[in-house]
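So the chains spell out like this:
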Amino acid sequence: MLRFALLLLLAVFSTSAFADEPDREKLPMELTPFEGKIGKTYKDSEADWQGPVAAPKGAPNVIVILLDDVGFGQTSTFGGLIPTPNFDQLASEGLRYNRFHTTAICGPSRAALLTGRNHHECGNGFLMEWATGFPNYSTMLPKNTATIGQILKDNGYNTWWFGKNHNTPDWETTVAGPFDRWPTGMGFEYFYGFNAGETHQYYPVIFENTVAVEPDKTPEEGYHFMTDMTDRAIGRMKFAKSVAPDKPFFMYFAPGAMHAPHHVTEEWRARFKGKFDMGWEKYREIVFQKQLEMGIIPEGTKLTPRPDWVPAWDSLSDEQKKVYAALFENFAGYFAFTDHEVGRLLDAVKELPDAENTMVIYIAGDNGASAEGGADGTLNEIRNLNGLSTELSDVVANLHKLGGPESEPHYPIGWAWAGNTPFQWCKQVASHLGGTRNPMVISWPARIKHDDQPRDAFLHLVDVVPTILEATDILMPVEVNGIEQKPLAGKSFLKSFTDPSFEGRDEQYFEIFTNRSIYEDGWKANAQHTLPWRQDLAPGNWEQDEWELYNLEEDFSEADDLAAKMPDKLKDMKEKFDDAAEEHDVYPFDDRGAGRLAIPKPPVPGWDPDSKTYTYFSGATRIAEPAAPPMKNNSWTLTATIDTQGEKTEGVIMGFGGVAAGIVLYLDDGVPVFDYNFFVKHTVVKSDKPLPAGKSTIEVDFDYAGGGAGKGAEITLKVNGKTVGTGEMKATVGGRFGIDTFGIGEDTGQPVTDAYKPPFKFTGQIEKVTLQIQD
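### Some remarks on the overall build of the protein
Stage number 1. Helix and strand counts for the protein come out as 15 helices and 29 strands.
Stage number 2. Its C-alpha atoms give the protein a radius of gyration of 28 Å, within 12% of the compact-globule value 28 Å for 775 residues.
Stage number 3. In terms of overall dimensions, the protein has a C-alpha envelope of 105 × 85 × 50 Å along the principal axes.
Stage number 4. Buried positions account for 60% of the 775 residues belonging to the protein.
Stage number 5. Put simply, of all contacts in the protein between residues at least 6 apart along the chain, 74% involve residues at least 24 apart.
Stage number 6. For the protein, the separation between the mean place of its 72 positive charges and that of its 112 negative charges on side chains is 2 Å.

In structure tokens:
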């Protein structure tokens, strides 16, 4: 009888305890249960306030810092020659991880990080600018892959996103929405950043939540987006802890750095003058030795040799050495500045009341160092992304602009190779570790004791979400907003915080641009396919790709190819890749670069896709390029109906693009001017006199030559039906104008031309602007 009573008491206690714990498997959760009493009147009733479900007791604050385009051998924290003292400091308080992996490119890495699923499985097989109409390559994040922001928000966390968002299709980033794939629709209560792969750091395209906002000062007044977003993050964090000190937060801090354009002031760049004159081979040798001495790479690791796509430094001319060194000095200055800003954020964290219970996951790069600057580097990286190389003479002629608002710089491919020491290859090349292995540091004073020896577990971005969930004591929900969730691909590595022998994943596939690889139990098979600096190249012939085989247990750097010695093992690994590709929605392969960039994207929701007429009114600004009229590779007529005071009226009527490339129609003291910026080569067509006062109609006829993308055109400028100017272009922009937007009545952000200072708002009245696209 006593035993039965005890069992009954235990059952009652267990039921009560279970009832007190909310069911976190289905999100969002209901309000906490009402535990009062309702009588006939308030006099015989007992009130009990319901409320939102709180985070589990003791749940930590979580900050995920994700830099962009960083090589394994660039930061001083991992043996590189660019001083990153704040990254060093964080590592001295926590743990370094030397076998952490990304997808090899921006958007897919971020999708994997935020959802805990492989990038193809959440619609992000490649980048939104290159999106195609397949569910695994559309970049439209599906509802069954809820983000960590959504999960934590619905479990009682504040959730904030600062900086880069490369996971909202840019054709959905207008005032028309839809907004469910914006950060605020993916579980983040606050967003301050840009919806693109990159932004101009002096003239950024910023959104606060879903509203476009402009910087509060100019570049000349000291504006830089990296400082702006850091200020915002610190301010939000301190404000939240002032109001609700016990409520945990999740911050996703994703600077545009270190992605091009590499924008930084002369003050920071000057610190590195002459620091890289030794060249890229010597850089690798120095970094390799430092990595060995620091224990970043194990003894016995080999330094992979210089590939044929990187010229020997000693073979370069003095002019080449000067330019190449300057471009990397600029990058190093930008990196040092970025580390300084991240340091301000980390210093602010230490001032929090619960600083000890704040977990910081700092991932230095969403892929390896980038070779998208081409053989000579560039001051106009958008030109390179359109599949057009930059002549060294053009860089030399404009080197005085380096790092400033008029430049969009990127270093040459040799520095990308050096930055990925000791590995082969670089960003985009998912087949090799130079594309996919990135430094990671984790600090959590309440739970992590510093260890000088790096953790060497084989990890991937998909493992971050499960780790955060275990650290916060929150279950992965089976259902979010009524939609059953796809299982996580990753596994928690929380045990590695206290167990140095934790081994991590035993398998993982990689694929970007059909550069592909499969890892299993220490073995890795690789097939490199495309060249990152050749967007015009689509090799096809995937069956002819040469596969390599490595035993990573004995060969940390992928230096010894065993394919010829172990053909049976290679065959087995290739079959495993095919199985993984089928299972994780990798197919169909598509290696088109510039060709895919030029593919029309879906129309803005609510727009008739068969319509050829676009009508805009003054104030229609910050319209993303794929949501704007298709003014590339087409003939079109622009008609602007305006009211002016003649020569007293000035300003932009229509602006599209920016410093790298774009088009603009404006009035200069009443004189109509049309300027087509073809990668800083300007074709200007203008009238020889001002408009008459009163109403006028300005027309631009753009007669495209046809015959493919980027061909020539003839331009005719008319005022009130009469031709006032003509021009001819031998080539036009075939892919993208770049990272700025389309607008009416002002040139927001970057100026298309330096003939005026942005935004150069129109001082007259714009009745409407109509664009008619010709068949």
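So, next bit.
### Comments concerning a negative patch on the surface
Stage number 1. Together, Asp-456, Glu-503, Asp-506, Asp-521, Glu-553 and Glu-554 give the surface a local cluster of negative charge.
Stage number 2. The exposed category is assigned to Asp-521, whose relative accessible area is 52%.

### Here we look at the sheet that holds strand 18 (residues 547-551)
Stage number 1. Here we have 4 strands laid out as an open sheet, ordered 15-16-17-18, and antiparallel in their pairing. Of all the strands in the sheet, just strand 15 (507-512) and strand 18 have a single pairing partner and so form its edges. The average undirected angle you get between the axes of adjacent strands in this sheet is 10°.

### Overview of the pattern of salt bridges
Opposite charge on two side chains allows them to pair when their charged atoms are near.
Stage number 1. Under the counting rule described, the total for this entry stands at 39 salt bridges.
Stage number 2. Here Glu-507 ties to Arg-505 by a salt bridge, and the two come within 3.7 Å at their closest N and O atoms.
Stage number 3. A salt bridge links Asp-740 to Arg-622, with the nearest nitrogen and oxygen atoms 3.0 Å apart. Taken together, the positions of Asp-740 in the loop between strand 27 (722-729) and strand 28 (742-744) and Arg-622 in the loop between strand 19 (613-616) and strand 20 (636-644) put the pair 118 residues apart, joining distant regions of the chain.

### Some thoughts on the sheet that holds strand 8 (residues 211-213)
Paired through backbone hydrogen bonds, the strands of a sheet run either parallel or antiparallel to each other.
Stage number 1. Read across the sheet, 9 strands follow the order 3-11-10-2-9-5-6-7-8 without closing on themselves; strand pairing throughout is mixed. Since the sheet does not close on itself, it has two edges, and those belong to strand 3 (95-97) and strand 8, each with one partner. Taking each pair of neighbouring strands and ignoring which way they run, the sheet shows an average axis angle of 15°.
Stage number 2. The pairing of strand 2 (residues 61-66) with strand 9 (residues 249-254) spans 4 bridges and is parallel. The partner of Val-62 across the bridge, within strand 9, is Phe-250.
Stage number 3. Set on the sheet, helix 3 (residues 106-115) makes contact with strand 2, strand 5 (158-164), strand 9 and strand 10 (358-363); between it and strand 9 the angle comes to about 170°.

### Description of helix 5 (residues 225-243)
Stage number 1. When the terminal C-alpha atoms of helix 5 are compared, their 27 Å separation across 19 residues agrees well with the 27 Å that a helix rising 1.5 Å per residue should span.
Stage number 2. Within helix 5 the residues assigned to the buried category are Phe-225, Met-226, Asp-228, Met-229, Thr-230, Ala-233, Ile-234, Met-237, Ala-240 and Lys-241.
Stage number 3. On the buried face of helix 5, the contacting elements are strand 2, strand 5, strand 6 (190-194), strand 7 (206-208), strand 9 and helix 8 (318-349).

### Focus: unusual backbone geometry
Stage number 1. A cis amide bond links Gly-177 with the next residue in sequence, Pro-178, at an omega value of 0°.
Stage number 2. When you line up the elements, Pro-178 lands in the loop between strand 5 and strand 6.
Stage number 3. Unlike most non-glycine residues, Asp-69 shows phi in positive territory, near 55°.
Stage number 4. On the secondary structure map, Asp-69 appears in the loop between strand 2 and helix 2 (85-93).

### Re the confidence of the model for the protein
Stage number 1. Looking at the protein as a whole, the pLDDT averages 95, with 97% of positions reaching at least 70.
Stage number 2. Element-level mean pLDDT values for the protein span from 42 in helix 1 (residues 2-20) up to 99 in strand 9.
Stage number 3. Segment residues 1-19 is flagged for pLDDT under 50; beyond a separation of four residues in sequence, or across chains, it makes 0 contacts in the model.

### Quick look at the environment of His-224
Stage number 1. By the secondary structure assignment, His-224 is in the loop between strand 8 and helix 5.
Stage number 2. On the accessibility criterion, His-224 (6% relative accessible area) is buried.
Stage number 3. Along the backbone, His-224 and Val-264 are 40 residues apart, and their C-alpha atoms lie at a distance of 8.3 Å.
Stage number 4. Among all residues touching His-224, those that are not within four sequence positions of it are Gln-201, Tyr-202, His-263, Tyr-334 and Phe-337.
Stage number 5. Among the polar contacts made by the side chain of His-224, one reaches the main-chain amide nitrogen of Met-226 at a distance of 3.1 Å.
Stage number 6. Separated by 2.9 Å, the side chain of His-224 and the backbone oxygen of His-263 make a polar contact.

### Some points on the packing of aromatic side chains
Stage number 1. Taken as a whole and assessed by the stated rule, the structure comprises 56 aromatic pairs.
Stage number 2. Between Trp-542 and Phe-589, the ring centres sit 6.0 Å apart and the planes meet at 45°, which makes this aromatic pair tilted. With Trp-542 in the loop between strand 17 (523-527) and strand 18 and Phe-589 in the loop between helix 14 (567-583) and helix 15 (594-597), this pair connects stretches of sequence that are 47 residues apart.
Stage number 3. Overall, the relative accessible area of 26% leaves Trp-542 in the partly exposed class.
Stage number 4. Grouping aromatic residues by their ring pairs yields a cluster made of Phe-272, Phe-276, Trp-280, Tyr-283, Trp-313, Tyr-324, Phe-328, Phe-331, Phe-335, Tyr-411 and Trp-415.
Stage number 5. When the ring centre of Trp-268 is taken as origin, the NZ or CZ atom of Arg-271, which lies over that ring, is 3.8 Å away.
Stage number 6. Over the ring of Phe-737 we find Lys-632; its NZ or CZ atom is 4.8 Å from the centre of that ring.

### Some points on the pairing of strand 15
The two faces of the sheet receive side chains in turn, since in a regular strand these alternate between them.
Stage number 1. Most of strand 15 sits out of view: 5 of its 6 residues are buried.
Stage number 2. In this structure, strand 15 lies alongside strand 16 (residues 515-520), joined through 6 bridges in antiparallel fashion. For Glu-511, the partnering residue across the bridge sits in strand 16 and is Arg-516.
Stage number 3. The antiparallel pairing of strand 15 with strand 16 creates a hairpin that spans 2 residues between the two strands, and Phe-513 there sits at a positive phi of about 55°.

### A short note on the packing of helix 5 against helix 8
Stage number 1. Where helix 5 contacts helix 8, the axes come no closer than 10 Å and their chain directions differ by 5°. Relative to helix 8, the element helix 5 is oriented roughly parallel. Side by side, helix 5 and helix 8 meet where Met-226, Thr-227, Thr-230, Asp-231, Ala-233, Ile-234, Met-237 and Lys-238 of the first sit next to Phe-337, Thr-338, Glu-341, Val-342, Arg-344, Leu-345, Ala-348 and Val-349 of the second.
Stage number 2. Broken down by class, the residue content of the contact of helix 5 with helix 8 amounts to 9 nonpolar, 3 polar and 4 charged.

### Remarks on the side chain of Arg-736
Stage number 1. With respect to the helices, strands and loops of the structure, Arg-736 is situated in the loop between strand 27 and strand 28.
Stage number 2. Among the polar contacts listed, one links the side chain of Arg-736 to the side chain of Asp-170, at a separation of 2.8 Å.
Stage number 3. Not counting residues within four places of it along the chain, the set of residues in contact with Arg-736 comprises Glu-129, Asp-170, Ile-382, Asn-386, Leu-597, Glu-625, Pro-626, Lys-632 and Phe-679.

### Structural notes on the nonpolar core
Stage number 1. In terms of nonpolar packing, the biggest core is built from 119 residues, with Ile-65, Phe-162, Met-237, Met-251, Phe-253, Trp-280 and Trp-415 touching the most fellow members.
Stage number 2. Among the elements that make up this core, the one with the highest residue count is helix 8 (16 residues).
Stage number 3. Once you skip the residues sitting within four places of it in the chain, Trp-415 turns out to touch Phe-276, Gly-279, Trp-280, Tyr-283, Trp-313, Tyr-324, Ala-325 and Phe-328.

So, how was this worked out
Residues numbered from 1 in each chain as written. Predicted model: local features only at pLDDT ≥ 70, side-chain atom pairs only at ≥ 80, totals over all residues. Heavy atoms only, no water. Helix = DSSP H or I, 4+ residues; strand = E, 2+ residues; numbered from the N terminus. Rg over C-alpha atoms; globule rule 2.2 N^0.38 Å. Buried < 20%, exposed > 50% of the residue type's maximum accessible area, 1.4 Å probe, protein only. Contact = heavy atoms within 4.5 Å. Lys, Arg positive; Asp, Glu negative; His and termini not counted. Charge placed at Lys NZ, Arg CZ, Asp CG, Glu CD. Patch = residues over 30% accessible without salt bridge, like charges linked within 9 Å, V, L, I, M, F, W, Y side chains within 5 Å. Areas by Shrake-Rupley, 256 points an atom, 1.4 Å probe, with all protein chains shown as cover. Salt bridge = Lys/Arg side-chain N within 4 Å of Asp/Glu carboxyl O. Pairing = 2+ DSSP bridges. Axes fitted to C-alpha atoms, helices over the stretch in contact; angles between N-to-C directions. Expected span 1.5 Å × (residues − 1). pLDDT = per-residue confidence, 0-100. Polar contact = N/O pair within 3.5 Å; in protein donor to acceptor, adjacent residues only side chain to side chain. Phe/Tyr/Trp six-rings, centres within 6.5 Å; stacked < 30°, edge-to-face > 60°. Lys NZ or Arg CZ within 6 Å of the ring centre and 35° of its normal. Parallel < 35°, antiparallel > 145°, perpendicular 65-115°, else oblique. Nonpolar A, V, L, I, M, F, W, Y, C, P; charged D, E, K, R; others polar. Core = buried A, V, L, I, M, F, W, Y, C linked by side-chain atoms within 4.5 Å.

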